[in-house]
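Commentary on secondary and tertiary structure
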Amino acid sequence: MTKKKESFFWTSYSDLMTSLFFIMLVLFVLVIVLLYKRMEVTQRQLDEIRKIEASTKDLNPKYFNYRPEYKKYILNIEVKFPTGRGNINEIDAAKLEPLYEAGKEIQQFIAKHENYQYLLIIEGQASNLKDGFKRNYELSYERALGLIRYWIQVKGLKFGKNCEIQIAGSGDGELATHSMREKEEVKNQRFLIHVLPKNIIKDEEK
């Protein structure tokens, strides 16, 4: 009788271990499959990121100079405002048409990539000439505001529903905001353009 009980125990134990092994094997295969699918998704996302980032370099170098170390564009149009002034109509009239062409270039770029969502930031800067002027941060914002008003209200440019626009002023660098600046202060009388993709990574369908 004892031998029969022992035989039954070991048979049951063997069946149990076989079942557990089978369950672990199934779980292992399932994990491998899920990891593989996740890797596929990640690779697609990386490819999408590279494609969108590369697309921002399509902007015409005649009007835009891309600075990869800062991931920003500088308008290749030298803009000189009168000291302490932010009204875009007070700059050299010969610069207004190139500014319009630059805005039109952005509009065409956004329309060309209508399947993506973009954040367009117009950043104004001011020079720090140690002249005692205290409103450089407000002034840099006013200059950026003047540019977007010129593009939209005066020239009628439309940047599309896939583009969110923000206006920024990074001032004269006194507050150490770490915005891109040139050593020669007079060159900081300019506009910086940020074209940032918003939906780089999309949620995968489940």
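In this report, we go over the structure that sits alongside the text. (Residues numbered from 1 in each chain as written. Predicted model: local features only at pLDDT ≥ 70, side-chain atom pairs only at ≥ 80, totals over all residues. Heavy atoms only, no water.)

1. Observations concerning the nonpolar core
Soluble globular proteins tend to pack their nonpolar side chains together in the buried interior. Heads up, the condition is: To define a nonpolar core, start from buried Ala, Val, Leu, Ile, Met, Phe, Trp, Tyr and Cys residues and group those joined through side-chain atoms within 4.5 Å. A 1.4 Å probe rolled over the protein chains alone gives each residue an accessible area, and that area as a share of the maximum for its type sets the label: buried under 20%, exposed over 50%, partly exposed in between. In this description a helix means any DSSP run of H or I spanning at least four residues, a strand means any run of E spanning at least two, and both kinds are numbered starting from the N terminus. A contact between two residues is defined here by any heavy atoms of the two lying within 4.5 Å.
Phe64, Leu99, Ile106, Trp151 and Ile193 are the most contacted members of the largest nonpolar core, which totals 33 residues. Listing elements by their share of this core, those giving two or more residues are β2 (72-75), α2 (96-112), β3 (118-124), α3 (136-154) and β5 (191-197). In terms of residues, this core owes the most to one element, α2, which gives 7 residues. Beyond its immediate chain neighbours, meaning those up to four positions away, Ile193 contacts Phe64, Lys72, Tyr73, Leu75, Ile106, Leu120, Ile121, Ile122 and Trp151.

2. Quick look at the pairing of β3
What counts is decided by this rule: In this scheme, strands are said to pair when DSSP sees at least two bridges between them.
Judged by how many residues are buried, β3 sits mostly within the fold: 7 of 7 residues are covered. Judged by which residues are buried, β3 turns out to be covered on both faces: Tyr118, Leu120, Ile122 and Gly124 on one side and Leu119, Ile121 and Glu123 on the other are all buried. With 7 bridges joining them, β3 and strand β4 (residues 163-169) adopt parallel strand pairing. Within the sheet, the bridge partner assigned to Leu119 lies in β4 and is Glu164. As defined by bridge partners, β3 adjoins β5 across 7 bridges and the pair is classed as antiparallel. In the sheet register, Leu120 faces β5, and the bridge partner there is Val195.

3. A short note on α3
Short version of the rule: Multiply 1.5 Å by the residue count of a helix minus one, and that product is the helix's expected span.
Taking 1.5 Å of rise per residue, 19 residues should cover 27 Å, and α3 covers 25 Å from first to last C-alpha, within 8% of that figure. Here α3 has its buried residues at Asn136, Leu139, Ser140, Arg143, Ala144, Leu145, Gly146, Leu147, Ile148, Tyr150 and Trp151. At the exit of α3 stands Gly156, carrying a positive phi of roughly 70 degrees.

4. Quick look at the environment of Asn128
Formally: Identification of polar contacts relies on pairs of N or O atoms within 3.5 Å, with a donor-acceptor requirement for protein atoms, meaning one able to donate a hydrogen and the other able to accept it, and with residues adjacent in sequence counted only if both atoms are side-chain atoms.
Within the secondary structure, Asn128 is located in the loop between β3 and α3. When the C-alpha positions of Asn128 and Glu174 are compared, they lie 7.9 Å apart, and in sequence the two are 46 residues distant. Once residues lying within four places of it in the same chain are set aside, the contact partners of Asn128 are Asp172, Glu174, Arg181 and Glu185. Among the polar contacts listed, one links the side chain of Asn128 to the side chain of Glu174, at a separation of 2.5 Å.

5. Details of the sheet that holds β3
The condition that has to hold: Lines fitted to the C-alpha atoms define the axes, with helices restricted to the stretch that makes contact. Angles between their N-to-C directions range from 0 to 180 degrees.
Strand order in the open sheet formed by 5 strands is β1-β2-β5-β3-β4, with mixed pairing between adjacent strands. The open sheet has two free edges, formed respectively by β1 (64-67) and β4, since each of these has just one partner strand. Sheet twist, expressed as the mean angle between neighbouring strand axes with direction ignored, is 25 degrees. Relative to the sheet, α3 contacts β2, β3, β4 and β5, its axis offset from that of β4 by approximately 145 degrees.

6. Overview of the pattern of salt bridges
Put simply, the test is: For this document, the term salt bridge refers to a Lys or Arg side-chain nitrogen within 4 Å of an Asp or Glu carboxyl oxygen.
Across all of its chains, the model carries 7 salt bridges by this definition. Two residues, Lys104 and Glu101, come together in a salt bridge whose shortest N-O distance is 3.5 Å. Placement of both Lys104 and Glu101 in helix α2 is noted, with a separation of 3 residues, approximately one turn of the helix. Here the salt bridges share partners, and the residues they tie into one network are Arg67, Glu182 and Arg190.

7. Section: the packing of aromatic side chains
Quick note on the threshold: Here a Phe, Tyr or Trp ring, Trp counted by its six-membered ring, pairs with any other such ring whose centre lies within 6.5 Å, and the pair is stacked when the planes are under 30 degrees apart, edge-to-face when over 60, and tilted otherwise. Placement of a charge over a ring requires the Lys NZ or Arg CZ to be within 6 Å of the ring centre, with the centre-to-atom vector within 35 degrees of the ring normal.
Going through the model one piece at a time under the given rule, you end up with 6 aromatic pairs. Their ring planes at 80 degrees and their centres at 6.1 Å tell us that Phe64 and Tyr73 sit as a pair that is edge-to-face. A relative accessible area of 3% places Tyr73 in the buried class. What links up through ring pairs into an aromatic cluster is the set Phe64, Tyr66 and Tyr73. Between Lys155 and the ring centre of Tyr100, over which it is positioned, the NZ or CZ distance is 4.8 Å.

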